[in-house]
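# Chain and residue survey
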Amino acid sequence: MAVALRSLLRPAWSLAPACLLLRAPARLSSAGTQFQYLVVEKKGVKQNVGVIQLNRPKALNALCDGLMNEMNQALDFFEKDPDVGAIVITGSEKAFAAGADIKEMQNRTFQECYGGSFLAHWNRVSLVRKPVIAAVNGYALGGGCELAMMCDIIYAGDKAQFGQPEILLGTIPGAGGSQRLTRAVGKSLAMEMVLTGDRISAQEAKEAGLVSKIYPTEKLLEEAISCGEKIAGNSKLVTAMAKEAVNAAFEMTLTEGNKMEKRLFYATFATDDRKEGMSAFVEKRKANFTDH
Ligand SMILES: *[C@@H]1O[C@H](CO)[C@@H](O)[C@H](O)[C@H]1NC(C)=O
Ligand SMILES: *[C@@H]1O[C@H](CO)[C@@H](O)[C@H](O)[C@H]1NC(C)=O
């Protein structure tokens, strides 16, 4: 089974056409921006969830420079849109993203990588202030797994597979895989995945804490959007503080993290939304947050 899957995946890894050579039709987003490798839309009853769908089907959504540049534009666009309270990143039913575009890397020299800070702009997703949910169906391998792990929440389809197979190509993860995977699943499993290149299933990923929920393939995106709507219904201001506080747990000591949490907690008391939230609770009505 593993061997069959590996040979099935081989073409995606080794033969993905270079981005610039792929003539996918350009698509128009609601912002009027043209995207070649993405479909970018607002979803949800209140149109308050930004959805970015990777759309490079022939290459199983292999991540190339052009796609990541478009991803950054789409994120900037949703980050600035005051109506958007959460962002969902997804791929196709077959592949979230089956890796980075190996053709783009094949002949790169150390000097080009180091001198040009290769992949440096690929971590934009981890810098977004609004919550980002990855909805992962199919393969999330290499750069695809790293992209999912840059998101705040990962939902998986029941046939999703996660892996960091760089070692099989004579390299190692280069967009945070060795760091974020280890923090998410612990040393033993992360080490095993990075050293063997073996993939884990959605079920294993959930048991290990990489993924928070699993849904049937065809239900996944709507469930991720529904989670985004739940988040977008709260105060966007306080949501940003909550995200900042949780992220501090990955960057700081416990003492420093707790201090930062306290400062942010106190800061919520300066907001109209904290006042409204507590008043609504006491008055047994639904809070009407204004993001102030
Ligand atoms: C990389 O170099 C090899 C050997 O010179 C060549 O055969 C191959 O086509 C090159 N690949 C790309 C993507 O340019
Ligand atoms: C929520 O508050 C805003 C601003 O105060 C107000 O315009 C709006 O009508 C309120 N919405 C509801 C459902 O009460």
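In every chain, residue numbers begin from 1 and rise along the written sequence. Following the order in which they are written, the chains are lettered starting with A and the ligands numbered starting with 1. Thresholds applied to this predicted model are a pLDDT of at least 70 for local features of residues and 80 or more for the giving and counting of side-chain atom pairs; totals over whole chains, interfaces and linings are not thresholded and use all residues. Each side-chain value is worked out from all heavy atoms of the structure, with water and hydrogens disregarded.

Under an unreviewed UniProt entry, the name given to the chain is Enoyl-CoA hydratase, mitochondrial, and the source organism is Chelonoidis abingdonii. Looking at the Sequence similarities (unreviewed entry) heading of the UniProt record, one finds this comment for the chain: "Belongs to the enoyl-CoA hydratase/isomerase family." Database annotation for the chain, UniProt heading Subunit (unreviewed entry): "Homohexamer; dimer of trimers." UniProt positions are given in the numbering used here, feature names are shortened, and annotations may be inferred rather than shown by experiment.

We count a salt bridge whenever a side-chain nitrogen from Lys or Arg sits within 4 Å of a carboxyl oxygen from Asp or Glu. Using the criterion set out here, one finds nine salt bridges in the structure. In this structure, D152 engages K243 in a salt bridge whose closest nitrogen and oxygen atoms are separated by 2.7 Å. Remark: K243 occurs in helix α10 (residues 236–248) and D152 occurs in the loop between α5 (143–150) and β9 (153–157); sequence separation between them is 91 residues. On the basis of relative accessible area, D152 is assigned to the partly exposed category, the value being 33%. By definition, any uninterrupted DSSP run of H or I lasting at least four residues is a helix, any uninterrupted run of E lasting at least two residues is a strand, and each is numbered from the N terminus. Residue exposure (1.4 Å probe, protein chains only): buried if accessible area is under 20% of the type maximum, exposed if over 50%, otherwise partly exposed.

A few words on the pairing of strand β7 (residues 132–136). Across the five residues of β7, five count as buried, placing the element largely inside the fold. Here β7 shows two buried faces, one formed by V132, A134 and V136 and the other by I133 and A135. Between any two strands, pairing holds if DSSP finds at least two bridges. When strand β5 (residues 86–90) meets β7, the two strands line up parallel, connected through four bridges. Across the sheet, residue T90 finds its bridge partner in β7, namely A135. Relative to β9, β7 runs parallel, the two being bridged by four bridges.

Okay, helix α12 (residues 272–282) next. Among all positions in α12, only D273, R274, E276 and A280 are buried. All buried residues of α12 fall inside an arc of 165° around its axis, so they share one side. By definition in these notes, contact holds between two residues if any of their heavy atoms fall within 4.5 Å. At its buried positions, α12 is contacted by α10 and α11 (254–268). At the exit of α12 stands K284, carrying a positive phi of roughly 55°. Here the arc refers to the set of directions running from the helix axis out to each C-beta atom.

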